[in-house]
Each structure stands twice: as structure tokens, then as C-alpha cells.
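Here are the chains, one letter per residue:
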Amino acid sequence: MSALPNTNPYLPMAAEVMDNIEEAPGINTLRLRLTDPAQRAAYVFVPGQFNMLYLARVGEVPISISSDPGDSEFIDHTIRAVGRVTEGMVRVKPGDVMGLRGPFGTGWPMAQAKGRNILVITGGIGCAPTASVVQYAHARRGQYGKISVCHGVRKPDDLIYGERFENWCKAPDTVCMFASQEAAPGWTGRTGLVTQLLDDLPPEAIEGMTMMCGPEPMMRAVAEELLRRGRPIEDIYVSMERSMQCGLGHCGHCQYGPDFICKDGPVFPYQRVRRLMPVKGF
Amino acid sequence: MAMARIAVHKFSSCDGCQLQFLTLEDELLQLADRLEIAYFIEATSETGDGPYGKYDVSFVEGSVSTPDEVERIRKIRENSTLVVAIGACGTAGGIQALRNWGDLDSYKTSFYTMPEHIDALPTSTPFSEHIHVDAELAGCPPDQGQLKYVINSLLAGVQPRIPSESVCLKCKRDGNVCVLVAQEKPCMGPITRTGCGALCPHQERDCYSCFGPAETANIEAMGRRFIGAGLPRDGLVHRLRFIYSWSPPFKAASERWLAGQADYAPLPTSRTVTPP
Amino acid sequence: MNDVSGQAQGVRRVDIPILTRVEGEGALFVRLENGQVTDLRLKIFEPPRFFEHFLRSRTWREVPDIVARICGICPVAYQMSASNAIEMAFGVDVPQPIRDLKRLYYCGEWIESHALHIHLLAAPDFLGFPDAIQMAKDYPHEVRRGMHLQGLGNAILKIMGGRPVNPVGAVPGGFYRAPARGEARDMLHKLKEALPHAEAMVRWVGNLKVPEVTRDVPSVSLRADDEYPMNYGRIVSDRGLNIDVSEFPQHFQEFQQPHSTALHAHLHGAPYWVGPAPRLNNNLDRLPPSTAKLLGETPVAWPSNNPYHSALARAIELHLAMVEAIRLLEAYDKPPKPHVDVVPHAGVGAGCTEAPRGILWHRYELDEQGRVTHATIIPPTSQNQAQMEADMRTSVMESLHMSDEGLRLRLESGIRNYDPCISCSTHFLKLTVEGR
Amino acid sequence: MEPALLPRAKFDALVQTLAQAGYRVFAPVPRAGAVVFDEIGSADELPRGYKSEQVPGRYRLSHDGGERMFDFVHGHESLKRFTFAAEERLWSVSHDGQVAFHAHLPDDRPTAVIGARACDIAGMRVQDRTFIAGRHASFSDPYFEQRRRSIFIVAVNCSVCASTCFCASQGAGPRVTEAFDIALTELHDAFLLEAGSEAGEALAAQLPLAPAGEEHHRQAAQQIAQVAQSQTRRIDNDGIYELLFDNLDHPRWDDVAARCLSCANCVMVCPTCFCHRENEVADMDGTSSAHVRQWDACFTMEHGSTHGARLRPQVKQRYRQWLTHKLGSWWKQFDVSGCVGCGRCITWCPTGIDLTEEAAAIRAEPGLKA
Ligand SMILES: Cc1cc2nc3c(=O)[nH]c(=O)nc-3n(C[C@H](O)[C@H](O)[C@H](O)COP(=O)(O)OP(=O)(O)OC[C@H]3O[C@@H](n4cnc5c(N)ncnc54)[C@H](O)[C@@H]3O)c2cc1C
Ligand code: SF4
Ligand code: SF4
Ligand code: SF4
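Attention now goes to the environment of Val348(C). Residue and element names in this part refer to chain C. Within the secondary structure layout, Val348 lies in strand β12 (residues 347-355). On the basis of relative accessible area, Val348 is assigned to the partly exposed category, the value being 45%. For the pair formed by Val348 and Val217, sequence separation is 131 residues and the distance between their alpha carbons is 32 Å. Residues in contact with Val348, not counting those within four places in the same chain, are Met88, Ala89, Arg363, Tyr364 and Glu365.

See the structure below:
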């Protein structure tokens, strides 16, 4: 956390909407730029971190940063309209000013992943925080091994980042695979769960770091499957979500057993959340 | 963007919900600058496109208690983009739903010389039993702060989120002394939806649930607590059958109690009470 | 949205299918044949809500919370009439400090209700606007001032009962809680600051141009020994009636008329008039000096039998209520206990108080445990019903020369003089409700 | 300074000295059947001669006409109200033309609170770990910090305790040991007064104090020791995190769920609970909007929920969330229990649920599955 305008971490910074790109129906990427040049210069983040985004008169919600950390001038957020605040946010127009606080939380273990293969598993909107992983690794291609991206959606329409995925697939040593729970005409990916994609991958794809983001049952199923296949638990990372009011570890809403997801996460080694994940109500 | 056109309609009610608009003072004038109050017969003689004109938002107060009102709400629904039900009547049938357990004919004959001309349905029901409503705002009357929040949300084009928790949170935030714990008054706050501003405890009396059940309500435990406070069974049923008698949780619980199906062990149980 | 009338062979119909800017929903139908009114109905299509029925079996403590919900605009009147009746049934003597609190509470309602009626409902008629919001474009100061006064009334209701609509503070015997000293101090300060605005408002209303008419009708109200009546007094008329509130049924008769859907009430066989103007007519000698002086400065001679002077009567009463509230708050000392403990027993009691719209009469029969076995409530609007219709008949005859539109406006504003509260009037009486 | 005596008859000197020094003075006053903190103008407003009786789900205040001023045990309010506002506007945004954010920090007018007990101070110290950056928190909450800085604490060592108190078990009392400016122990007709800070020393220097003797110290110590001894409730904190998290399916959770109203009173009265939510309050003329926070609780449906589904739809899940955090995971997060043993949640729970008993029930029969 670096760029807060003053000592008040509750107070948002003004950020201008530079672009609002519709990725899929109800899913938009907002490209924001901090209006104050000093704040802009001070802003640095790592993949996996999130911001608290604020829409005037409506409210504030946590949203992952989906752009490349190498470019901190434009900060991308991919938002799915699911409720009050997010529905308002996907409608903002270039030139509008929003509030931004951040970055918050832990990032992906990019340092540990150096020199190794990376398996990225995402479900639904989960690809937002993991997108920055892929971009980060691609931008530093020599430092990482093979990159495999498995993306699961409920229905083909939910597939976002069409163009980005295409670019990723074209990149050297990168595979992208898709699974949709519902079939649809023209769907070329698998019909089924994202866990099933593990069978389609080249065996070495899972022999590196695994980074996951998406619905908890999905992440748990994949993680347990990887453990069954003999992968060490230290190599599996997940990104978690809970309601957050402050992002600072004060509001208590993201309480998760011994952790606060906002500051101890959102990216956790699977080991750390494995005990509570199957328990309903945490 | 063209100004949103709103309508306010009255059904069986006391008028109190509409008054929540008319007592906004300066803010009513501010509101009139931001949207068009097209149909609101208590406020204006200009009646827009009539009761069944096309409006962006129709606020409906009151309950549905006559055959004619069933027709009216259907037509309003057809002609409105959004329908927002306000008040205890609009969201749960209101206090007049107390008649829903009685025999309408006996009600009529005991009061009217010409009962055959009384055009009433046997029940007083909320709008949601007749049409799809887009948002509901509970309370008898609804809170002005919440009403303003809903209007502001609609103007911003986003969904309102009304908290579903108990009155007790607000009661404590305001520093009131709990009338149940300190005075053994049968306060309904623990099972009542927040919104009023914990008015009753502030007035040093028990809440009688004019905002209806909280989503978190454990009505059984509340009843056992009231038994612990010495409330007789009919008193218990009256607590539930008051302003929100027809809300499904209160209705079901009152029926269970009347049928003697509820667990009657008083709370706090002797097990947890240490002698002083 | 006034319908075009059918006009054929000497038959003229003037319909106001929805009365606007009144509380509740009603309509007026007039049929004229050869210059005579052959049918005039003030129709009420508010569905009955059967309050008297479900009051039965409820305990005395619940009554104020129930009856408040008969009317969103005058809940205090309902709570006070009911409390008085129950106090009488239980033989409770309410000491002066608590009576003072009740009066303060009532002042709040008068200020609120009168300010609302004057500015939001009546004044647009006299100045030619469809509503106060549009009137505010030309009269921003007056409308804002009115809303501010309304807000002060609401503020009194808030410290006494938490909120202006369905307040929660009253209990037979007094109040659950007395205002804190600080609350009383702040309220006093605000009222004092606003008193000059109330005076200016009275002058403004006094100078509004209103039709000059007179109606020959008895003025009925309460009258108390030493104060302008609100909570207490005997029922009197300017024609010599002077009875205890419990004697109401012996003098006032409710009856149904074939052409009408609502029950009418007569005093000794003829219509009568309740509300601010009759109250003022009967209590001119009970005004506090500053209000009396202000009244003297207005261009109207009192007593007045012109229903259009109701607006000024309301303005005067609003001023009076502020003066009274200031007096009560200046003398305020938080009572150690804001209510008398009530010991319920079987009994019968009647209560009558001055709602903003006129006398509101309640009667309860209670059993040993203090549960209601029978309730009767006669609100002011149904008492005025017969007089409103009589007035409208006369108004039609006076205004035959007018166009239909002009006549409608005249009649509608004539009805608003009575500030009818239709929500109240329908919830009790033996009325027949037709389909709409 | 050496501890000294403030005669009870001169207690008002303390109030007036504080007021003259520019403090708003708060103290317990009787109201509506309990004791609450309110702003006072003189010592006459204190609950002299009042006693409180507390058992689970029940609080009764009685007046015995005696002279003692602090023989009641705290009401539902703790110091929390003063350091962590129940409801406050954090910042606002104006968007009339240009968008601008404005912080609304609390005013820094000093506030003195008379009558804080050991558990109150312990609770405040626990919240310090949440709200003030350091080993346990990454960020400071400037609103909390500002209030925390502006508060002057006149603590009182308890001379009696309620049946619900167990501060001794939690190492939080009954003696006040830190973070006070002045501490008082009420003796026969005087208070033994000690200063705990420079500000406290400076203030004490202006008071009409008399030297205290050996027997005053002995009396005070004895009184406090007696309070500790008379406490019957306790929590066994040994391995409690593992105990609770190993028993998430214990049938006791269902048992307590049948009694729990999910009303959140326990959270609201707890001096350590810090959950809050932020709401948007937009004005009516469409030009600005305020961001307001208020105390929240894990007993609401919304708490923690994201993406539609209710995270904790069952009462059992909500109570379990509260208890496992309070007594268990608090240790992991803050190296301290989330409970200081004040007993408020036991007294002010309308159905009298007693967390010490719930924890003990699980400890008595670990490993059971519902
Ligand atoms: C660390 C982190 C990173 C995140 N990153 C992203 C991201 O990159 N992109 C993204 O899109 N999201 C992300 N999220 C999720 C995002 O924060 C939530 O979707 C957002 O907070 C929802 O807020 P809202 O006001 O739009 O929805 P809400 O109105 O709060 O509703 C959320 C859901 O709950 C339902 N709901 C809520 N209240 C009620 C109610 N009273 N009645 C009925 N239903 C209700 C809604 O229907 C909706 O499905 C992230 C969350 C976290 C914690
Ligand atoms: S007084 Fe009622 S609302 Fe307030 S805390 Fe007690 S039970 Fe809850
Ligand atoms: S406390 Fe209860 S009864 Fe009283 S106003 Fe609030 S919701 Fe209504
Ligand atoms: S958990 Fe209960 S006993 Fe412990 S500090 Fe909180 S309120 Fe006091």
C-alpha cells in the first residue's frame, strides 16, 4: 500500500474512467487512471491485489486489478454486474470520475513461481485476478516455464476476454483450455467441469505452481484432485472472496477463521484455507 | 436523460406512507427538481395521465382489500416500469389484515346495516400476492431515510439494499437501555426488521414490530423469552398478530402457538441462570 | 382530471371523480335538473378497515398503537381521545404535569397538520396552482416557510412520540417517556425563533382572497374553563349546547341517507360544523393575548360563518399552538414519571378531543383485564359530512352561472375547507361502499 | 505522584477541574433502569446509592440511598462508544461539477470519561490492536486514533462485581493497570486516587487531595482482591482455538441456536467487537453524498455475504462465527482473547446465553458430532 493521498486510508483517491470495455454481457473492464499525477506515480501493485472502487452516491466494493503491473498508469478492473454497486459501475462512461483505494492484499507467488510452469485455473469472473498473472508472466517470458490456462464457465456466453485469450493462446509455450457446464452450438471447448480439463493437459502442465480463482467448490475440487495426483500442497494457491467494507482489516466482514481475507489474502496458499473451505458458514 | 416520472397510489390504508413524502419539507422541493411527480392525488390536482398512465416508478401504499383494488393494482403494474410497494399494508396487508382470521360476513353484519353492499374481500393482502413488485419498503410508516435511499437508488439506476437485521443493532448504537433486559417489557426488537431508528426503546417502551419480521428472526426463541417474562398465550399471539400479522413468518408462528405446537420452555432457562 | 359532464335537456352533471389534495380518496357527484340539485353525493370509496372490530379483545395498552393507524395525519388526536376514554373507564386522574405533556403533544399535531393543510392543500386553490410544488416556483418563500413550520410540528411529535406518523410515545395515563431537558430546550429555542414566521404566515393567509359566503350552521367544539380546547372540555355549540363528552350520543344522531354512501351525523336533527373555524368561533375569549392581537389585525370579523375562513382559523390556531408550546416548554420540568400507573378493571369511558379537523369522539367498554369488548369512534369528517353536502348544495345554487370547470374548482375548494380526512371517516361508520 | 485521597464529599472538584480544563465530562448516570454514560455538569448526577443486579438476560438497578457512588456494576455501554463511534460520517463526496472527496475526522475536543472499569480499558486495548497499525494491524484508523488521543480516562477499580463478571479469568481486571489517566478506588468516605499519565498527574495536582495512609492502600487492595475472588464464571483459554475449530459440528451449536435470537446484542455491547459496515447516504438535491459507517455484527445476514448466497443462513452458523472468533481465532489474529470477561453479553443477551457456559459445554464433551 503506497499511494494513499494522506494518512486516512478510508478516503478514496479520484480516478478517471479512461475506457469502459464490454467483455461479455454484464461484464465490463474499466480502465482507470488516478487523476493526481503524484498518486499515479506512487501507485504500484503486484498481480492478485485488489482495489476498493467507489461509485458516487452508490457505494464501494472490492475489485481485483486485472491489468499488467508493469503499467501502473492505467489500472484495469473487470467487473461482473451482480448487484447494486457493480450494476452501476459497468455503466460508467469515459470521463466519469470514480473513487479508488488500494492496492490491498497479498499477490500471487510470482517470485516462487520463477523458472517453473504455471497452471492457472479460473472459473466465472475469477479470471480477473488471474489475468494479471498471465500478463505478468508473458511480459517476463524468460523467467517462467510453460503457462496453461484452464477456464471454466457455466455457459459459453460467460466466456470473457475473447481477444486476450486469443493472444495468450498464440503466445509461446502457452495453452488455453475451456470448459462449459452447459453445451451450446459452436462451443469448441469441453462440456463439463473445469476439473476435467486436467486430463486434457500435457502432464508437465501441472508440475509447477497452480494459481486458482473462482467459486470455492471448484477451487477445492481442483486442489484436492491435484493432491491426489501427488502435487505438493505448497504449490497450490487460491484467491478468496468475502464481503469487504474497508479493505484494511478493520471492518471484520472478510473474517475467515484465523485470517482476514483482505490483508492475509485474498491470495492464500491452499494449505491455509483447506480446513475451513468445506465447512458451510465461514 | 429525461426526468423519471413517478406516481403515488393509495389503496386501503391510513395515508401515512404518502405523508412520508409530503413531510420531506425542503427535500420534497429538491426531489421535484430531479423527477416529475406525475400522479399523486393527495399532493396535486394535476393528475398526469391518470391512474393508469405510463409511469417509470409507481409507489403503491395500502393493502389490497376489495375486488376493485385487485383490478387497480394489475393495471398499475401493466403501466409502470417499476412498482415499489411501501408500508406495512403494501408489504404485508397491514393492521387491517387482522380481519383475515375472522369471518368477513360477521364483520360486516356486526357493523353495517346493509352488509350486502359492502364490497370487501375476505382478506387484506400485500401487493406481492397479486403482482410482481420490484422493491418493497417495510414499516408502518416506512422510514423517511429509507424512502429517500430508495428514491436515490432508483434515480441512480441501481438496486436498493435494505438491511434485514434486527432493531436491536440500532437500539444499541443509539445507546438505549434494553427494555426487555432491564424492565422485562416484551420487546419485539430482536425479531423485528430494522429501519425505524429503534423508536420504541428510545421512548422506553417495547417494540411492537411495525416493521415486520427481521430476516434473522428466531420467533420461537422470542416467544419462549416472553413466556419467561410472564406473557400469557393470547398475549403471545397478539404480539405476532398486530401490524405485521399477515407476514408469512409471524402468521406461521402465531398459528403454531395457537395450535400449541411451539416449544413452551421459558427462556432464560434455569440452566443458564445463576442465582444472584 | 375532471370528467366532461353530460349535459342534456336541462340536466347538468358536475362530477369530480377524484378529489385531489385531500386525505384519502373521495369523489363528488352533482346532478342538476332544471336549475335544481336533484342528487348530490359526496362519495367515499375508501374500503372499510373494520377497526372497531379488531379493537375487540385487545388490551388497553395496545389501543393507542392501533387507533393511531386509522389516520396517518392525525394520530395524536386518536391516541389522545382513546387515552382519555380509557383513563375515564379506569377512573384515572391525570395530574397537571402530564396534562401539560399531552397538550404539548397536541400542539405538535396542530402545527403539523394545519401547516400542511394551509400550504400543501388549500393555498394552491386561492392562488391558482395545481399544487404547492408549482406554487413554490412563484411563492418560494411562503411555501418554504410553511414547510418549515410543518417541520416544527413534526419535531414536537418526534420528541414526544418518536415520529410524526404513528408515533409510539403515548399510553393511557400519559407517556412512556418524557422529553429530556436538552430536547425541550432545543425545541423551545426553535419555536421561539420561528414565531415571527408564524405571525407573518397568519398575515399572509389573512390577506388571501377567498369567496365571501355564509352558511347558517351551528359551530360545535369543545370548550374548557381556562384554555383554548385541545384535550379537555365540554362539548358546546354557539346555539347553547353545553354537555359532558359522555352525553354525546344523547344529542348527536348518526343516520344513513338513501342517496349517500357515508353515515351522516346531526345535532338535534340538523347538520352541524366542527373544525378550526367553529372552534375559534366558540373560543375567541380563550386565545392567548398575542394570538388574539394577531387575530384582531386580520381583515376578518369573528365569529365567522364563512367556511372559506377555515384557512385563516387554521393559521390562527397554528400560531396559538406555537405560543402554547413555547409556554409549556418554558415551564417544563421533567416529571419523575411521565405516566400515571393504570390499574385496569371493567368499565366504560368516553373521550373527546379536538383533532385538527374537529372533535373526535371515542367510547370503549373494557373487561376485568382491561381488554376492549366494544369500541365506538366518531371522527370529525363524518360529523361534517352532512354539513359538507348541505354546503355544496348551497354552493351549487350560488354558482349556477359558472362554467362546469369553474364550478368544479369552486366545489372542490369548498370541500377542502373542511379538510376532510376520508381515511378516518370510513373506518368506522356504518357506511355502504360501492364499487369504484 | 504518590496515591492520595480524594474525599467523597469533594468529588465534584474532579468534575469541575476537568470541565475547566476544557474537557467534556462523561460519567455513568441512571437512566431507564440501567446506568449509561452521559455528559454531566456535576457529581450530583452520578448514580450515588445505586446498585445493580445482573444475571443472564437480566439487569436491575436499585437505589439504597447509600453514599457510595460506584457500587453498581457497569451498564451495557463501555468505553467503545467513545473511541469507536457507533455511527459516523467518514467522508463525503461532492460531485457538483467536479468530483472531490472530503474526510470528516472527529473534532479533537478532549473528552473525559469518569467511571471506566478495568474491563473497559482492557477492551479498548484489545481494539487498539485492530485499529492502530503495529504488529497486528497494517493500517491505522484515523477516526479511532483521533478519539483515542482525545480521551482522558478516570478509571474506577471495582468494589463489587456482578454474577456475570469474569474479568479475573481473562486477566483483564478487576484492578486497572494501564492506559488510564487517573484511577480511583472507592473507600469508606474517600477515593484512593492514583495518576497513570502525565495528564493525570497534572490534573491531580489541582485536586483537594489528602495524603493516603497504609491502611487505605491495604483496604483498597483487599477490596479488589475480594472482587476477583467472588467471580464464579471463567473461561478455560488453554488450547481454545483448537478446541473450537475441532468442534465445528458439535451438537451444542444447535442447542444454542434454539435459544439465540440472532439479535446481535452481544456484539453491540462487547467492548472488543469491531465489525462495522459502510453505507452511502446520498443527499436529495443530487450534488453530494456521505459515506457513513456504523457498528455491524456477524449476526446479520449480510455480514460476509458476497455473490448472492447468504453466507450464514442458519442461526447456528452465525453464533458459531461469533464465538469461534471471539474466543478462538482472535488469539491467532491479535495474540489475545477477544473476550475481556466483562460479562455484558451475558447480561444483555435477552435470552441469557452465557458464552462461558457454551465454551465449557464443548470442552466437556469434545468430538461430538451433530
Ligand atoms: C478480493 C476481492 C476481489 C474481487 N474481485 C472482483 C472482480 O475482479 N470482479 C468482480 O466482478 N467482482 C469481484 N469481486 C466481487 C465483488 O466485490 C462483488 O461482486 C461486489 O461486492 C458485489 O457488490 P454489489 O453491490 O454489486 O452487489 P450486492 O448488491 O452486494 O449483491 C451481491 C449479490 O448478492 C445478492 N444480494 C445482495 N443483497 C441482497 C439482498 N438484500 N437481497 C437479495 N439479494 C441480495 C445480489 O443479487 C448479488 O447477486 C471481488 C471480491 C473480493 C472480496
Ligand atoms: S430494547 Fe428491544 S430492540 Fe432494544 S436491545 Fe432490547 S430487545 Fe433489542
Ligand atoms: S421499535 Fe418496533 S414498533 Fe417501534 S417504531 Fe420501531 S419497528 Fe415500530
Ligand atoms: S465476549 Fe462478552 S464477556 Fe467477553 S468482553 Fe465481549 S461482552 Fe464482555
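Right, let's talk about the interface of chain B and chain C for a bit. At the interface, 64 residues of chain B touch 72 residues of chain C. For the chain B and chain C pair, buried surface summed over both sides reaches about 5,900 Å², with 59% attributable to carbon and sulfur atoms. Inspection of the chain B/chain C interface yields four salt bridges. Put simply, Asp65(C) and Arg205(B) hold a salt bridge, and the shortest N to O gap is 2.7 Å. Between the two partners, chain B and chain C, sit 16 residue pairs in polar contact (both at pLDDT 80 or more). Where the side of chain B that touches chain C is concerned, the elements lending two or more residues are α1 (16-22), α2 (26-34), β2 (35-40), α3 (67-79), α5 (104-111), α9 (199-202) and α11 (233-240) of chain B.

With that settled, the discussion passes to helix α6 (residues 144-156) of chain B. All names here are of chain B. With 13 residues, α6 should reach 18 Å at 1.5 Å per residue; the first-to-last C-alpha distance of 18 Å fits that figure. Those residues of α6 lying buried are Gln144, Gln146, Leu147, Tyr149, Val150, Ile151, Asn152 and Ser153. By the N-cap criterion, in which a side-chain oxygen at the helix start approaches the backbone nitrogen of a residue two or three places on, α6 is capped by Asp143, the distance to Gly145 being 3.0 Å. A positive backbone phi angle near 75° is found at Gly157, which sits one or two residues after α6.

Let us now look at the sheet that holds strand β1 (residues 13-24) of chain A. All names here are of chain A. Strand order across the open sheet formed by six strands is β4-β3-β6-β1-β2-β5, with antiparallel pairing between neighbours. Edge strands, defined here as strands with exactly one partner in the open sheet, are β4 (59-64) and β5 (75-80). When strand polarity is set aside, the average angle formed by the axes of neighbouring strands in this sheet is 40°. Pairing of strand β3 (residues 50-55) with strand β6 (residues 97-104) involves four bridges; the strand directions are antiparallel. Note on β6: the bridge partner recorded for Leu53 is Leu100.

What follows is about the arrangement of the chains. The assembly contains four pairs of chains in contact; the pair sharing the most contacts is chains B and C. Regarding chain A and chain C, which are not in contact, the minimum distance between any of their C-alpha atoms is 25 Å. Without any contact between them, chain C and chain D keep their closest C-alpha atoms 9 Å apart.

Moving on: the site of ligand 1. Neighbouring ligand 1 are 24 residues, the closest being Pro62(A), Thr78(A), Arg80(A), Thr86(A) and Arg161(B). Mapping the residues near ligand 1 onto chains gives chains A, B and D. Between ligand 1 and the protein, one listed contact pairs an oxygen atom with a backbone N or O atom of Arg80(A) at 2.7 Å. A distance of 2.9 Å is found between an oxygen atom of ligand 1 and a backbone nitrogen or oxygen belonging to Arg84(A).

Residue and element names in this part refer to chain A. Of all eight residues in strand β2 (residues 27-34), six are buried, a share of seventy percent or more. Taking the residues that link successive antiparallel strands as the turn, the β1-β2 hairpin has two residues, and the phi of Gly26 there is positive, at about 80°. One ladder, built from six bridges, connects β2 with β5; its direction is antiparallel. Among the inter-strand pairings, Asn28 is bridged to a residue of β5, identified as Ile79.

Let us look at the environment of Gly414(C). Of note, Gly414(C) is situated in helix α13 (residues 404-416). Sequence separation between Gly414(C) and Arg69(C) is 345 residues; the distance between their C-alpha atoms is 27 Å.

We now examine the interface of chain A and chain D. Residue-level contacts link 44 residues of chain A with 55 residues of chain D. Here chain A packs against chain D, burying approximately 3,800 Å² in sum over the two surfaces, 59% of which is carbon and sulfur. Interface area lost by chain A to chain D is led by Tyr10(A), Arg57(A) and His250(A), which between them contribute 19%. Summed over the shared surface of chain A and chain D, the number is three salt bridges.

Residue and element names in this part refer to chain B. The omega torsion across Cys140 and Pro141 is 0°, close enough to zero to call that bond cis. Residue position: Pro141 is located in the loop between β5 (135-137) and α6. Cis geometry is adopted by the peptide bond preceding Pro268, which originates at Leu267 and carries an omega value of -5°. Position of Pro268 among the secondary structure elements: in the segment after α12 (248-258). Its identity is not glycine, yet Glu184 carries a phi of approximately 60°, on the positive side. Of note, Glu184 is situated in the loop between α8 (179-183) and α9.

Residue and element names in this part refer to chain D. At His325, helix α10 (residues 315-334) shows its largest kink, close to 50°. The buried count for α10 comes to 18 of 20 residues, which makes it a mostly enclosed element. Positive backbone phi, at 55°, marks Asp335, one or two positions downstream of α10.

This next bit is on the packing of helix α10 (residues 219-228) of chain B against α11(B). Residue and element names in this part refer to chain B. Close contact between α10 and α11 brings their axes to 10 Å; oriented N to C, the two are set at 140°. Looking at the two axes, α10 sits oblique to α11. The chirality of how α10 crosses α11 is right-handed. Judged by residue contacts, Ile219, Gly223, Phe226 and Ile227 of α10 engage Leu236, Arg239 and Leu240 from α11. In terms of residue class, the contact of α10 with α11 is built from five nonpolar, one polar and one charged.

All names here are of chain C. A sheet is described by the order of its strands in space; here three strands give the open sequence β12-β13-β14, paired in antiparallel fashion. Strands at the two margins of the open sheet, each flanked by one partner only, are β12 and β14 (372-378). Within this sheet the neighbouring strands show an average axis-to-axis angle of 15°, counted without direction. Strands in contact with helix α12 (residues 380-398) are β12, β13 (358-366) and β14; relative to β13, the strand with the most contacts, it is inclined by about 125°.

Quick look at the confidence of the model for chain D now. When the pLDDT values of chain D are averaged, the result is 96; 100% of them are 70 or greater. Per the prediction output, this complex has pTM 0.95; the corresponding ipTM is 0.94.

Further remarks concern the packing of α10(D) against helix α12 (residues 355-364) of chain D. All names here are of chain D. In the contact formed by α10 and α12, the axes pass within 12 Å of each other and the chain directions differ by 90°. Relative to α12, the element α10 is oriented roughly perpendicular. For the pair α10 and α12, contact is made by Tyr319, Trp322, Leu323 and Leu327 and by Leu355, Glu358 and Ala359, respectively. Of the residues contributing to the contact of α10 with α12, the split by class is six nonpolar, no polar and one charged.

In this section: the side chain of Glu278(D). Tracing the backbone shows Glu278(D) in strand β13 (residues 276-282). Nearest to the buried, unbridged Glu278(D) among oppositely charged side chains is Arg101(A), at 4.7 Å. Those residues within four positions of Glu278(D) in sequence are excluded, and the remaining contacts are Tyr10(A), Glu60(A), Gln245(A), Cys246(A), Leu90(D), His291(D), Val292(D) and Arg293(D).

Where charged atoms from two side chains of opposite charge approach closely, those side chains can pair. Residues and elements named next belong to chain C. Inspection of the entire model under this criterion finds 87 salt bridges over all chains. Close ionic contact of Arg408 with Glu405 constitutes a salt bridge, the shortest N to O distance being 3.0 Å. On the criterion of helical spacing, the pair formed by Arg408 and Glu405 is a turn pair, its members being three residues apart in helix α13. Judged by relative accessible area, Arg408 falls into the buried class, the value being 3%.

Quick look at the nonpolar core now. Ranked by internal contacts, the top residues of the largest apolar core, which has 328 residues, are Tyr364(C), Phe11(D), Trp322(D) and Leu355(D). In this structure, Val133(A), Tyr136(A), Val149(A) and Phe178(A) belong to the second largest nonpolar core, which totals 24 residues.

Residues and elements named next belong to chain A. Tracing the sequence through the fold places Asp264 in helix α7 (residues 261-264). Asp264 gets classed as partly exposed once you look at its relative accessible area, which sits at 25%. A sequence separation of 158 residues divides Asp264 from Thr106, and the C-alpha atoms of the two residues are 6.6 Å apart. Those residues within four positions of Asp264 in sequence are excluded, and the remaining contacts are Thr106, Pro258, Asp259 and Arg272. A polar atom in the side chain of Asp264 sits 2.7 Å from the backbone nitrogen of Phe260.

Reading guide: rules and limits
- Residues numbered from 1 in each chain as written.
- Chains lettered and ligands numbered in written order.
- Predicted model: local features only at pLDDT ≥ 70, side-chain atom pairs only at ≥ 80, totals over all residues.
- Heavy atoms only, no water.
- Helix = DSSP H or I, 4+ residues; strand = E, 2+ residues; numbered from the N terminus.
- Buried < 20%, exposed > 50% of the residue type's maximum accessible area, 1.4 Å probe, protein only.
- Contact = heavy atoms within 4.5 Å.
- Buried area = accessible area lost by both parts, 1.4 Å probe.
- Salt bridge = Lys/Arg side-chain N within 4 Å of Asp/Glu carboxyl O.
- Polar contact = N/O pair within 3.5 Å; in protein donor to acceptor, adjacent residues only side chain to side chain.
- Expected span 1.5 Å × (residues − 1).
- Pairing = 2+ DSSP bridges.
- Axes fitted to C-alpha atoms, helices over the stretch in contact; angles between N-to-C directions.
- Near = heavy atom within 4 Å.
- Bend = angle between axes of the 7 residues up to and from the residue.
- Parallel < 35°, antiparallel > 145°, perpendicular 65-115°, else oblique.
- Left-handed = near helix turned anticlockwise from the far one by under 90°.
- Nonpolar A, V, L, I, M, F, W, Y, C, P; charged D, E, K, R; others polar.
- pLDDT = per-residue confidence, 0-100.
- Lys, Arg positive; Asp, Glu negative; His and termini not counted.
- Core = buried A, V, L, I, M, F, W, Y, C linked by side-chain atoms within 4.5 Å.

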